[in-house]
Amino acid sequence: MKRSRLARDRAPFVGGAWPAGRFGSNRWLSAGLLGLVLLGGAAGLAADAAPAKASSSRIQPWAANPRYWQYKGQPVLLLGGSKDDNLFQIPDLKEHLEAMRAAGGNYIRNTMSDRNDKGFEVYPFKRLANGKYDLNQWNDEYWKRFAAMLGWTAERGIVVQIEVWDRFDYSTKHWEPHPYNPKNNINYSYAQSGFQEHYPDHPGRNKQPFFFTTPRQRHNTVVLHYQQRFVEKMLSYSLRHDHVLYCMDNETSAEEAWGAFWAGFIRERARQAGCAVCVTEMWDAWDLKADEHKRTFDHPERYDFCDVSQNNQKKGQEHWDNFQWVRQRVASRPRPLNTTKTYGADGGRFGNHRDGLERFWRHVIGGAASARFHRPDSGLGLSAPAVAAIRAARKLETLVKLWDVEPANRLLSDRADNEAHLAAKPGRAYALYFTDGGSVGLDLRNAPGRFEARWIDIATGASGSRAQLQGGRIVRIDAPARGHWVAAIVPETRAADPPGR
């Protein structure tokens, strides 16, 4: 019996790198049929539906400390830096992933974005001979690229944080050629869709009806049908993998109902497929204390983790303090706090190289579950300074596991604002970061015995000097020189040489 075109379009990609039957055809047939039934309706968990259980190998909050992730049953700190946002589209992806892994990176951001201004990106829909798109047919090249990215990252142990919608794709110059623009497709008109031909305003003003389609908004079933179809196609690939996180949007200004709908939609499709996934939303406000961020912070039943990347618009002590405010806000139900976009690079709009490195390290020391350098020129990407910083963090990790310590600036004295930042498990391990050299007092009065400070040069990622410290008192700690430095301070018996990279 021939399958309908819609059923064929939903079928998971098989071939190339994916051996037949590898993922269990019965499970996927069942999930696909349920998806067909629910395609035109609203998403939401059935009242009597049992939640799916997370496999121990799947990326999920670590049971022993849910502020951090576990992957394949082990706690993991996610670090990365990459040169583009929608990595699955870049032509040299495999080489870029190899370079990232060599630096110690294990985390990428991947927007499902499709713009035509770089010369190599493609749209997910088939383009017809008349130049228009058919939203009922797929562009196989787009989905092959996506499948390849998922496979290559899985092979290298690199966690993928997907952003499903990027608001910049649907406004200003990017809207003009986009397949969802009625003039570019054969599926609906401006009158039927409610769209206009042009959206010249910055997408932060949230004037685009594309982001008002869900049932508790304008319930635009004409467009929502194709949006759901796209997300289900994406999930037909990504739900096979256990190394994928889901963020609904890139720095959105949309209504709360928009992200809530898609979080429920993805969670339900995952449940139908017999797996559990972790979802979040990324809001636009630069101030983490803004009300829109509370839509994530205060709803652990909806969002399994929080992405606080917009904190990286802030600098210095304020940047640290705001992140610590969030940690306290979610303390009753701690969850991973991810920072998938660390801004700051010379020539960029959001600060310089120093700002980028400081922000990355304040989050690493401050208790973030992930830290990734944003793409150039808004961030350091996978440039030499970013590679050195990631290597330095991995070297620190050989001596101090960040999930075993807590932010502890209270133990520092004679400290100027933003001079130094500390994470500690008092008496057991301390990680002390200097933003540009300096000298502080470290309170070891309740930690008797001898300690060793092992310095790591963040500018190179190389080990530096060592110093012996006597506990039981306040100890003066001097950075070896100006610049970015981090010290692992541990009891002498634990100060084994970390492996080189």
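Here the structure is a predicted model, which is why all the values come from computation and not from measurement.

Some remarks on the overall build of the protein chain
Here comes step 1: Assigned secondary structure in the protein chain consists of twelve helices and 22 strands.
Here comes step 2: Within the span of the protein chain, comprising 501 residues, buried residues form 59% of the whole.
Here comes step 3: For the protein chain, the exposed surface amounts to about 19400 Å²; the carbon and sulfur share of it is 49%.

Structural notes on the sheet that holds strand E15 (residues 412-413)
Here comes step 1: Across the sheet, three strands lie side by side as E15-E18-E21; this open sheet has antiparallel pairing. What marks the edges here is a single partner per strand, and that holds for E15 and strand E21 (474-478).
Here comes step 2: Where E15 meets strand E18 (residues 439-443), two bridges bridge the pair, whose relative direction is antiparallel. Pairing of Leu-412 across the sheet is with Leu-442, part of E18.

Remarks on the packing of helix H11 (residues 353-366) against helix H12 (residues 384-397)
For any two helices packed against each other, the geometry comes down to the angle between their axes and how far apart the axes lie.
Here comes step 1: Remark: H11 packs on H12, axes separated minimally by 11 Å, with the N-to-C direction vectors making an angle of 20°. One finds that H11 runs roughly parallel with respect to H12. The crossing of H11 and H12 is right-handed. Where H11 abuts H12, its residues His-353, Leu-357, Phe-360, Trp-361 and Ile-365 lie against Pro-385, Ala-389, Ile-390, Ala-392, Ala-393 and Leu-396.
Here comes step 2: Per-class residue counts for the contact of H11 with H12 are ten nonpolar, one polar and no charged.

A few points about the environment of Ala-276
Here comes step 1: By secondary structure assignment, the location of Ala-276 is in the loop between helix H8 (256-272) and strand E10 (279-280).
Here comes step 2: Among the residues examined, Ala-276 registers a relative accessible area of 17% and is labelled buried.
Here comes step 3: Considering only alpha carbons, one finds Ala-276 and Gln-60, 216 residues apart in sequence, at a separation of 9.0 Å.

Description of H8
Here comes step 1: Between its first and last C-alpha, H8 extends 25 Å over 17 residues, near the 24 Å set by a 1.5 Å rise per residue.
Here comes step 2: Here H8 lies mainly inside the structure; 13 of its 17 residues are buried.
Here comes step 3: Directly after H8, the chain includes Gly-274, whose backbone phi takes a positive value near 85°.

Some thoughts on unusual backbone geometry
Here comes step 1: Residue Pro-376 is joined to Asp-377 through a cis peptide bond whose omega torsion reads 5°.
Here comes step 2: Looking at where Asp-377 falls in the secondary structure, it is placed in the loop between strand E13 (370-373) and H12.
Here comes step 3: Even without a glycine there, the phi angle at Asn-206 is positive, about 55°.
Here comes step 4: Phi at Asp-414 is positive, roughly 50°, even though this residue is not glycine.

Looking at the pattern of salt bridges
Here comes step 1: The final tally for this structure, using the stated rule, is 38 salt bridges.
Here comes step 2: The salt bridge involving Glu-256 is made with Arg-302; its shortest N-O contact spans 3.3 Å. Here the residue Glu-256 occupies a position in helix H8, and Arg-302 occupies one in the loop between helix H9 (291-297) and strand E11 (306-307), the gap between them amounting to 46 residues.
Here comes step 3: Taking the relative accessible area as the measure of exposure, Glu-256 reaches 30% and is therefore partly exposed.
Here comes step 4: Classification of Arg-302 by relative accessible area gives partly exposed; the value is 24%.
Here comes step 5: With a shortest N-O distance of 3.2 Å, Asp-291 and Lys-294 are connected by a salt bridge. With Asp-291 and Lys-294 both in helix H9 and three residues apart, the pair spans about one turn of that helix.

Here we look at the nonpolar core
Here comes step 1: Residues Trp-165, Tyr-180, Tyr-246 and Trp-361 are the most contacted members of the largest nonpolar core, which totals 95 residues.
Here comes step 2: Counting residues per element, this core draws most heavily on helix H7 (residues 221-238), at eight residues.
Here comes step 3: Trp-165 has contacts with Tyr-170, Tyr-180, Phe-210, Phe-211, Gln-227, Phe-230, Val-231, Met-248, Asp-249, Asn-250, Trp-258 and Trp-262, leaving out every residue within four places of it along the chain.
Here comes step 4: Residues Ala-424, Ala-447, Val-475 and Ile-489 belong to the second largest nonpolar core, which totals 23 residues.

Regarding the sheet that holds strand E17 (residues 429-434)
Here comes step 1: What the six strands build is an open sheet, ordered E14-E16-E17-E22-E19-E20; its pairing is antiparallel. At either end of the open sheet lies a strand with only one pairing partner, and these are strand E14 (406-407) and strand E20 (462-470).
Here comes step 2: Sheet topology note: the E14/strand E16 (residues 420-425) ladder contains two bridges and is antiparallel. Opposite Pro-407, over in E16, you have Ala-423 as the bridge partner.

Topic: the confidence of the model for the protein chain
Here comes step 1: On average, residues of the protein chain score 90 in pLDDT, and 88% of them reach the 70 mark or higher.
Here comes step 2: Low pLDDT, under 50, characterises residues 1-50; the stretch is placed with 72 contacts to residues that sit more than four places away or in other chains.

What to know about the packing of aromatic side chains
Here comes step 1: With the rule as written, the count across this model stands at 43 aromatic pairs.
Here comes step 2: Both rings, one in Phe-195 and one in Phe-210, keep their centres 6.5 Å apart while their planes meet at 20°; by these two values the pair is stacked. With Phe-195 in the loop between helix H6 (190-193) and H7 and Phe-210 in the loop between H6 and H7, this pair connects stretches of sequence that are 15 residues apart.
Here comes step 3: Phe-195 sits in the buried class, given a relative accessible area of 4%.
Here comes step 4: Considering the side-chain rings of Phe-261 and Trp-262, the 4.9 Å spacing of their centres and the 85° angle between planes classify their relative orientation as edge-to-face.
Here comes step 5: Taking the ring centre of Phe-265 as reference, the NZ or CZ of Arg-269 above it sits at 4.0 Å.
Here comes step 6: In this structure, Arg-295 packs its charged tip against the face of Trp-283, placed 4.7 Å from the ring centre.

The rules behind the values
- Residues numbered from 1 in each chain as written.
- Predicted model: local features only at pLDDT ≥ 70, side-chain atom pairs only at ≥ 80, totals over all residues.
- Heavy atoms only, no water.
- Helix = DSSP H or I, 4+ residues; strand = E, 2+ residues; numbered from the N terminus.
- Buried < 20%, exposed > 50% of the residue type's maximum accessible area, 1.4 Å probe, protein only.
- Areas by Shrake-Rupley, 256 points an atom, 1.4 Å probe, with all protein chains shown as cover.
- Pairing = 2+ DSSP bridges.
- Axes fitted to C-alpha atoms, helices over the stretch in contact; angles between N-to-C directions.
- Parallel < 35°, antiparallel > 145°, perpendicular 65-115°, else oblique.
- Left-handed = near helix turned anticlockwise from the far one by under 90°.
- Contact = heavy atoms within 4.5 Å.
- Nonpolar A, V, L, I, M, F, W, Y, C, P; charged D, E, K, R; others polar.
- Expected span 1.5 Å × (residues − 1).
- Salt bridge = Lys/Arg side-chain N within 4 Å of Asp/Glu carboxyl O.
- Core = buried A, V, L, I, M, F, W, Y, C linked by side-chain atoms within 4.5 Å.
- pLDDT = per-residue confidence, 0-100.
- Phe/Tyr/Trp six-rings, centres within 6.5 Å; stacked < 30°, edge-to-face > 60°.
- Lys NZ or Arg CZ within 6 Å of the ring centre and 35° of its normal.

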